Amino acid sequence: MALRMWASSTANALKLSSSVSKSHLSPAFSISRCFSSVLEGLKYANSHEWVKHEGSVATIGITDHAQGHLGEVVFVELPEENGSVSKEKSFGAVESVKATSEILSPISGEVIEVNKKLIDSPGLINSSPYEDGWMIKVNPSSPAELESLMGPKEYTKFCEEEDAAH
């Protein structure tokens, strides 16, 4: 975290642009001003959750930006399988060394799978927020809700504006 803060403040002091040429990055990534990764192909909520929609399944987790602000995650509370989640309503919590934060569902639907690895290894959220640190898989009840979420460019800009305000 200290390295991110130093890098961010140094970039700001040197007036470096937050945009990075795509030729320097894997095409799957873009970088925000705070150096958090934002993946192409995902949708993002302004509460810092992501959704990957494939067929009839939507995988949900928290973003790299969110885990970076939380710090070391030490405990995760997740819903039961076969329960339901509602858009913009809490479905669980993440406890870090800094604070406990509710996790809001970016979409509504039935929980078909919970990432049980997070019970014993909550730090997967820090080390791999988009892959191993996913939280739940949902059968969306209203796929149109996905359209109201941000794409990668919109989310990167949202994070930059949010960080600048703080």
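Predicted model only: the values in this text are computed from it and were never measured.

1. Quick notes on the overall build of the protein chain
Stage number 1. Summing up its helical and strand segments, the protein chain has five helices and 11 strands in all.
Stage number 2. Within the span of the protein chain, comprising 166 residues, buried residues form 43% of the whole.
Stage number 3. Carbon and sulfur atoms provide 54% of the accessible area of the protein chain, an area that totals close to 9,000 Å².

2. Topic: the pattern of salt bridges
Opposite charge on two side chains allows them to pair when their charged atoms are near.
Stage number 1. According to the stated counting rule, one finds three salt bridges in the structure shown.
Stage number 2. In this structure, Glu 81 and Lys 116 form a salt bridge, with 2.8 Å as the shortest nitrogen-oxygen distance. You can see Glu 81 sitting in the loop between β6 (73-77) and β7 (84-85) and its partner Lys 116 sitting in the loop between β10 (109-114) and α3 (117-120), a full 35 residues away along the chain.

3. Focus: the packing of aromatic side chains
Stage number 1. Scanning all chains against the criterion turns up three aromatic pairs.
Stage number 2. For the ring pair Tyr 44 and Tyr 155, a centre distance of 4.6 Å and an interplane angle of 10° mean the geometry is stacked. You can see Tyr 44 sitting in strand β3 (residues 43-44) and its partner Tyr 155 sitting in helix α5 (residues 152-165), a full 111 residues away along the chain. When sorted by exposure, Tyr 44 lands in the same class as Tyr 155, which is buried.
Stage number 3. The interplanar angle of 55° and the centroid separation of 5.8 Å between the aromatic rings of Trp 50 and Tyr 130 together place this pair among those described as tilted. Linking Trp 50 in strand β4 (residues 49-54) with Tyr 130 in the loop between α4 (124-127) and β11 (136-140), this pair joins segments that are 80 residues apart in sequence.
Stage number 4. The exposure class of Tyr 130 is buried, given its relative accessible area of 9%.
Stage number 5. In textbook terms, an aromatic cluster arises when at least three aromatic residues are bridged by ring pairs, as seen for Tyr 44, Tyr 155 and Phe 158.
Stage number 6. Across from the ring centre of Trp 134, 4.9 Å away, lies the NZ or CZ of Lys 137, which sits over that ring.

4. Focus on α5
Stage number 1. Counted at 1.5 Å a residue, the expected span for α5 with its 14 residues is 20 Å, and the 20 Å between its end C-alpha atoms agrees.
Stage number 2. Turning to α5, its buried residues number three or more, namely Pro 152, Tyr 155, Thr 156, Cys 159, Glu 160 and Asp 163. Burial along α5 is one-sided: seen end-on, the buried residues are contained in an arc of 140°. Pointing more than 90 degrees away from the buried face of α5 are the exposed residues Lys 153, Lys 157, Ala 164 and Ala 165.

5. So, the UniProt feature "modified residue: N6-lipoyllysine" (unreviewed entry) in the protein chain
Stage number 1. Within this structure's numbering, the places UniProt gives as "modified residue: N6-lipoyllysine" (unreviewed entry) are Lys 98.
Stage number 2. With respect to the helices, strands and loops of the structure, Lys 98 is situated in the loop between β8 (90-96) and β9 (100-104).
Stage number 3. Since its relative accessible area comes to 52%, Lys 98 is described here as exposed.
Stage number 4. Here the side chain of Lys 98 touches His 69 through a polar contact of 3.3 Å, landing on its backbone oxygen.

Parameters and conventions
- Residues numbered from 1 in each chain as written.
- Predicted model: local features only at pLDDT ≥ 70, side-chain atom pairs only at ≥ 80, totals over all residues.
- Heavy atoms only, no water.
- Helix = DSSP H or I, 4+ residues; strand = E, 2+ residues; numbered from the N terminus.
- Buried < 20%, exposed > 50% of the residue type's maximum accessible area, 1.4 Å probe, protein only.
- Areas by Shrake-Rupley, 256 points an atom, 1.4 Å probe, with all protein chains shown as cover.
- Salt bridge = Lys/Arg side-chain N within 4 Å of Asp/Glu carboxyl O.
- Phe/Tyr/Trp six-rings, centres within 6.5 Å; stacked < 30°, edge-to-face > 60°.
- Lys NZ or Arg CZ within 6 Å of the ring centre and 35° of its normal.
- Expected span 1.5 Å × (residues − 1).
- Arc of directions from axis to C-beta.
- UniProt positions renumbered as here; feature names shortened; annotations may be inferred.
- Polar contact = N/O pair within 3.5 Å; in protein donor to acceptor, adjacent residues only side chain to side chain.

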